[in-house]
Amino acid sequence: MGRYILQRSIYMIVTLWVIITFTFFLMHFMPGSPLQNEERIPPKLKETIMKEYGLDQPLPVQYVQFLGNLFQGDLGKSFQYNGRDVTELIFQGFPASAQVGIQAVIFGIVIGLTLGVIAALRRGSWADNLATVVAVLGVSVPSFLLAGILSFYVGVKLLWLPPAGWGTWQHTILPSLALSGLVIAQMSRYIRTEMLEVLGQDYMKTAKAKGLSRATVVFRHALRNALIPAVTILGPLTINIITGSLVIEQIFGIPGMAWLFVQSIQVNDYPAIMGVTIFYSVLIIVSIFVVDILYGIIDPRIRIAGAKE
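On a predicted model such as this, the values are computed, not experimentally measured, just so you know. (Residues numbered from 1 in each chain as written. Predicted model: local features only at pLDDT ≥ 70, side-chain atom pairs only at ≥ 80, totals over all residues. Heavy atoms only, no water.)

### Some thoughts on the environment of Tyr 280
For step 1, the next point in the chain: Its location among the elements puts Tyr 280 in helix H12 (residues 270-298).
For step 2, the next point in the chain: When its relative accessible area of 30% is taken as the criterion, Tyr 280 is described as partly exposed.
For step 3, the next point in the chain: Separated by 41 residues in the primary sequence, Tyr 280 and Ile 239 place their C-alpha atoms 7.9 Å from one another. (Helix = DSSP H or I, 4+ residues; strand = E, 2+ residues; numbered from the N terminus. Buried < 20%, exposed > 50% of the residue type's maximum accessible area, 1.4 Å probe, protein only.)

Given below as structure tokens:
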């Protein structure tokens, strides 16, 4: 296990380095300048600004300097936000995006798991049809449309919850519900399909023949094996939702991280682009690593097979 973790850690570092290198050079090839109203800036002032941010150096030199600062935990200062630290900007927006995203994922897992299990156990019934309809709607209806419907009917018409804004836990409910639609659809679809396959396996008949209770057969044997495909998609899906949805944050006025990322690209704010990209990449890579570890916990046969290889 220790060797496996070490090997995966090396892969993670190499993957992150490739992402950093590719993003660094790609963003410098984007059209436009990181300086706002560049043509109106006096040459002397422009030279001073370029020197202060290291933009007067050749690109390879800038790359080496960036990696050196990154090893020291310094992501640089934003061009757009008056020289504020990029790390500070990220951790200022991330809590709001994370709170909404985590709530959406938890709600989506609970509802999706329940629907998937019921649909598999009652195949062909109204519950199965309902789960299928929910899955189709969750995949086909865009989250921004669901967000608009929730904001208008629940927030404006019924006055049950704030239609937009940020400040209290009530403000987080509607955006979380809007984001959870895709999680519910994916979870219910994967769990139903895998549960049906697992329930038809010979070892499930053996478990029933041993006289085990229905609950033990379903939750200890069937559901545990059916969770593996769901866990595979859950890691990246969770990070995507937690790091923020631009449209959802725009509709509900959430001061999250997605807005920072889009704004930084629009104005060529190089440090902010690199900072958000690295932050996002680290979360994705770590989530995939955690998923691999969970494989072995959910189904020990995977870990044993890997060890033999």
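### A closer look at the UniProt feature "transmembrane region" (unreviewed entry) in the chain
For step 1, the next point in the chain: The sites that UniProt annotates as "transmembrane region" (unreviewed entry) are residues 9-30, 100-121, 133-156, 168-185, 226-252 and 272-298.
For step 2, the next point in the chain: With 91% helix and 0% strand, residues 9-30 has its two end C-alpha atoms placed 32 Å apart.
For step 3, the next point in the chain: Across residues 133-156, the secondary structure splits into 92% helix and 0% strand, with the terminal C-alpha atoms separated by 27 Å. (UniProt positions renumbered as here; feature names shortened; annotations may be inferred.)

### Side note on a nonpolar patch on the surface
For step 1, the next point in the chain: Taken together, Val 133, Leu 137, Val 141, Phe 144, Leu 145, Ile 149, Phe 152, Tyr 153, Val 156, Val 247 and Ile 251 make up a surface patch of nonpolar side chains, about 910 Å² in accessible area.
For step 2, the next point in the chain: Of all the secondary structure elements, the ones that give two or more residues to the nonpolar patch are helix H5 (126-140), helix H6 (143-157) and helix H10 (246-252).
For step 3, the next point in the chain: Inspection of the secondary structure assignment puts Phe 152 in helix H6. (Patch = residues over 30% accessible without salt bridge, like charges linked within 9 Å, V, L, I, M, F, W, Y side chains within 5 Å. Areas by Shrake-Rupley, 256 points an atom, 1.4 Å probe, with all protein chains shown as cover. Salt bridge = Lys/Arg side-chain N within 4 Å of Asp/Glu carboxyl O.)

### Structural notes on the pattern of salt bridges
For step 1, the next point in the chain: Using the criterion set out here, one finds three salt bridges in the structure.
For step 2, the next point in the chain: Here Asp 85 and Lys 77 are joined by a salt bridge, their closest N and O atoms 2.8 Å apart.
For step 3, the next point in the chain: The class for Asp 85 is partly exposed, based on a relative accessible area of 33%.

### Focus on helix H3 (residues 59-71)
For step 1, the next point in the chain: Taking 1.5 Å as the rise per residue, H3 with 13 residues should run 18 Å; its terminal C-alpha atoms sit 19 Å apart, in good agreement.
For step 2, the next point in the chain: Where H3 is concerned, the buried positions are Gln 62, Tyr 63, Phe 66 and Leu 67. Along the axis of H3, the buried positions cluster into a sector of 135 degrees, meaning they face one direction only. Among the exposed residues of H3, those pointing more than 90 degrees away from its buried face are Val 64 and Phe 71.
For step 3, the next point in the chain: Looking one or two residues past H3, Gly 73 carries a phi angle of roughly 80 degrees, positive in sign. (Expected span 1.5 Å × (residues − 1). Arc of directions from axis to C-beta.)

### Structural notes on the environment of Pro 229
For step 1, the next point in the chain: Note that Pro 229 resides in helix H9 (residues 214-242).
For step 2, the next point in the chain: In the structure, Pro 229 is positioned 36 residues away from Thr 193 in sequence and 9.8 Å away in space, judged by C-alpha atoms.

### Quick look at helix H1 (residues 2-28)
Side chains three or four residues apart in an α-helix point the same way, a direct result of the helix having 3.6 residues per turn.
For step 1, the next point in the chain: Here H1 is 27 residues long and its end C-alpha atoms lie 40 Å apart, about the 39 Å a rise of 1.5 Å per residue gives.
For step 2, the next point in the chain: Buried residues of H1: Arg 8, Met 12, Leu 16, Ile 20, Thr 21, Thr 23, Phe 24, Met 27 and His 28, and no others.

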